[in-house]
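# Breakdown of the fold
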Amino acid sequence: MLIPIGIGLLRPLISSKSRLTYSGIFRGFASSTSQRTSDRQSIKKDDEKEAETNFGFKYVPESMKEKLVGQVFTNVASKYDVMNDAMSLGIHRLWKDYFIRTMAPGPGTKLLDVAGGTGDIAMGFLNYCKEIHGDTSAQVTLLDINPKMLDVGRERFNKTPYNQTSQIQFEIGNAENLSTISSNSFDVYTIAFGIRNCTHIDRVLSEAYRVLRPGGRFMCLEFGKVQNPIISSIYNLYSFQIIPVLGQVIAADRDSYQYLVESIQRFPSQDKFTEMIKDTGFTVIDKGWEDLTFGISAIHSGFKL
Amino acid sequence: MEGLIGRSSKIMLQRIQTKSIIKPNLLNLRPHRSFSYSVSAKLINSNVESNEQKETSRIPLNLIHSEILRASLSFVPKYGWSVESLSHGANSLGYPSVSHGLFPRGGVELIEWFLEDSRRKMVNELIDKMDGLKIHQKIRLACITRLNYTKPYAKKWSEALAIMAQPNNVQTSIEHLAKLVDDMWYLAGDKSADMNWYTKRGSLAVIYSSTELYMTQDISPDYTGTFQFLDHRLQDIATFGRVVGEIDTFVGFVTKSLVGVLASKGIGNFDK
């Protein structure tokens, strides 16, 4: 019984400490759900001209979202992996492993891991190539917008044999504008649990399309909507009641994890996201996504052909 | 029955004339979901809907699929009917190895494509060569032609058979065999309109599949053993058919004699 409940928030909850600079207008995230309407009205008064986007259940001007998300991740970076394991009871590892096995890269594959953060996918990819093919020519560029997350990733890789090899490169960059990456240069593009936090998902998809080679694969591992009503109610209960509390206890940061569960709700459903992927120009095979654990997360895939 | 024959003839004629990919629904089989038909049709639809301005500059998707699969065949003797062959095939065309993801079911898609492609090649090759041969010679020629396509992969064919025997794939592999024997009999000019239509195809299916099975373990030079095996099986069927006919005649005589004897004793039906 615990296991279905335990399936939950794998992703690092964004840790938004109450000291966020935007709290001048809101009354902090702790009261986010109840303050929704009044906060929204107060925003509209101040920023009527700028388009709004969602930040969890709140609405913020588009230009602010990136900064807010950045603050959140800066705060959670050190406890990111621990919280992942705690929230999902380790199931996120299974998901990421399955993700890489679905990719089944051959020798010499070049991967761009966007929003790679602490490097779970990048590490798994290099290990897969080494163990299955005995290959050491696979390369991964780990790109993240947040320097602190990248630092944690660097530390993790320092302890592996990939340290200081050409197999792993770290870069700071914005998924919406990969200015440092040339077109048609990567075989696979992955973004695991990161696209939800981007302000303009369509720009991320366009950039992904640009940097991939013809025949290249776009793969996205992201939270999805659960169809089964029973599982869905248990999952929502777990998300909204238990995860923020876990965040408070382990990372002393309730608000970030509140943001996490809210942002999961805000992300489009699997079929809508697949439509967005198709609209960008990717070729989608069959359904286009595969549900994992009843749809709590899903693997989306598209090819540039 | 005649409706079936009529339809299959018409479809064959269309296929030969237009050389397009039309999947005849012989034997009222459920539509067969091989990648090259329904999947690529779906994909083409998605491309057309969303990328109308890009469509003209792109190679059609089913062509890319066929190219990758054709290229993968050359790696089968080394890597088997697997994702590895697909990866190498994609690589050889300049696509990254992860393009094997275009075939989510993996090796079985390669097998299915191979079966489809070989059947099409057999039909195209034999359409003009069937004149002046007797029916059993035509069948023999069709079997030999088709077996020749399997020859390069004979060493790995047992792996293909094992994959096709998996529960997921059994239905499609039976459909492929059914289509194959139907095409062979059509090429041989079969015009039966009764139970023979089914028995002919059933017996040919057994002959062909047992010959292919024999081929997987045949070590004779250039598979001459396999073709001898084929000839023996075809003779068996001919013999069997003749014997059944003779038994039928014999039993008919015996029954009529018995009825006659009983009638002479006053027992039996005299209404006629």
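What you see is a predicted model, and the numbers here were worked out from it, not measured in a lab. (Residues numbered from 1 in each chain as written. Chains lettered and ligands numbered in written order. Predicted model: local features only at pLDDT ≥ 70, side-chain atom pairs only at ≥ 80, totals over all residues. Heavy atoms only, no water.)

Facing the 22 residues of chain B at the interface are 24 residues of chain A. Around 1800 Å² of area is buried between chain B and chain A when both sides are counted, 58% of it from carbon and sulfur atoms. Applying the counting rule to chain B against chain A returns 0 salt bridges. For the pair chain B and chain A, the interface holds 6 residue pairs in polar contact (both at pLDDT 80 or more). Broken down by element, the side of chain B that touches chain A gets its largest block of residues, 6 residues, from helix α2 (residues 35–50) of chain B. Its residues placed into classes, the side of chain B that touches chain A shows 9 nonpolar, 10 polar and 3 charged. (Contact = heavy atoms within 4.5 Å. Buried area = accessible area lost by both parts, 1.4 Å probe. Salt bridge = Lys/Arg side-chain N within 4 Å of Asp/Glu carboxyl O. Polar contact = N/O pair within 3.5 Å; in protein donor to acceptor, adjacent residues only side chain to side chain. Helix = DSSP H or I, 4+ residues; strand = E, 2+ residues; numbered from the N terminus. Nonpolar A, V, L, I, M, F, W, Y, C, P; charged D, E, K, R; others polar.)

Below, the discussion takes up the pairing of strand β8 (residues 289–292) of chain A. All names here are of chain A. In this sheet, strand β9 (residues 297–303) lies alongside β8 in antiparallel orientation, the contact comprising 4 bridges. What sits directly across from D291, in β9, is A298. Hairpin connection, β8 to β9: the antiparallel pair is bridged by 4 residues, and T293 has positive phi, about 50°. (Pairing = 2+ DSSP bridges.)

Residue and element names in this part refer to chain B. Looking at chain B, the domain boundaries give domain 1 (9–29 + 109–264) and domain 2 (38–102). If you look at the interface, domain 1 gives 13 residues, while domain 2 gives 12 residues. Each partner contributes to the roughly 1200 Å² buried at the junction of domain 1 and domain 2, and carbon and sulfur atoms together form 73% of this total. Seen at the junction of domain 1 and domain 2, the total is 1 salt bridge. Note that D117 and R70 form a salt bridge whose closest N and O atoms lie 3.5 Å from each other. The tally of links between domain 1 and domain 2 comes to 2 residue pairs in polar contact (both at pLDDT 80 or more). Sorting the residues of the side of domain 1 that touches domain 2 by element identifies α7 (107–126) and α9 (154–164) as the ones contributing at least two each. Per-element accounting of the side of domain 1 that touches domain 2 gives the leading share, 6 residues, to α7. A class-by-class count of the residues in the side of domain 1 that touches domain 2 yields 9 nonpolar, no polar and 4 charged. (Domains from an automatic or database assignment.)

Residues and elements named next belong to chain B. Closest axis-to-axis distance for the α7/helix α10 (residues 167–187) pair is 10 Å, and the angle between their directions is 5°. Here α7 is positioned roughly parallel relative to α10, judged by the angle of their axes. Across from V108, E112, L115, E116, R119, M122, V123 and L126 in α7, the residues of α10 making contact are N169, T172, H176, K179, L180, D183, M184 and L187. When grouped by side-chain class, the residues that make up the contact of α7 with α10 number 8 nonpolar, 3 polar and 5 charged. (Axes fitted to C-alpha atoms, helices over the stretch in contact; angles between N-to-C directions. Parallel < 35°, antiparallel > 145°, perpendicular 65-115°, else oblique.)

Judged by nonpolar contacts, the single largest core of 58 residues is most densely connected at A:F125, A:L126, A:I168 and A:F223. For this core, the element with the highest residue contribution is helix α6 (residues 120–133) of chain A, accounting for 7 residues. (Core = buried A, V, L, I, M, F, W, Y, C linked by side-chain atoms within 4.5 Å. Buried < 20%, exposed > 50% of the residue type's maximum accessible area, 1.4 Å probe, protein only.)

Moving on: a nonpolar patch on the surface. All names here are of chain B. Together, V243, I247, F250, V251 and V254 make up an exposed nonpolar region whose accessible area comes to about 430 Å². Mapping I247 onto the fold places it in helix α12 (residues 224–264). Judged by relative accessible area, I247 falls into the partly exposed class, the value being 49%. (Patch = residues over 30% accessible without salt bridge, like charges linked within 9 Å, V, L, I, M, F, W, Y side chains within 5 Å. Areas by Shrake-Rupley, 256 points an atom, 1.4 Å probe, with all protein chains shown as cover.)

Another point: the UniProt feature "binding site: S-adenosyl-L-methionine" (unreviewed entry) in chain A. Residue and element names in this part refer to chain A. Mapped onto this numbering, the UniProt entry gives "binding site: S-adenosyl-L-methionine" (unreviewed entry) at T118, D144, N174 and A175. Its place among the elements puts T118 in the loop between β3 (110–114) and α6. Owing to a relative accessible area of 2%, T118 belongs among the buried residues under this scheme. The contacts of T118, once residues within four sequence positions are left out, are Y80, D81, M149, V152, G153 and R156. A polar side-chain atom of T118 sits 3.1 Å from a polar atom in the side chain of D81. When residues no more than four places from it in sequence are discounted, the contact partners of D144 are A115, G116, G117, M149, L150, E171, I172 and G173. (UniProt positions renumbered as here; feature names shortened; annotations may be inferred.)

Let us look at the side chain of B:D218. Residues and elements named next belong to chain B. Summarising the element assignment, D218 is placed in the loop between α11 (195–216) and α12. Put simply, D218 is tucked away with no salt bridge, and the nearest opposite charge, on K155, sits 8.2 Å away. Within the structure, D218 has its side chain in polar contact with the side chain of T226 (distance 2.6 Å). With near-sequence residues (within four places) excluded, D218 lies in contact with K155, Y223, T224, G225 and T226. (Lys, Arg positive; Asp, Glu negative; His and termini not counted.)

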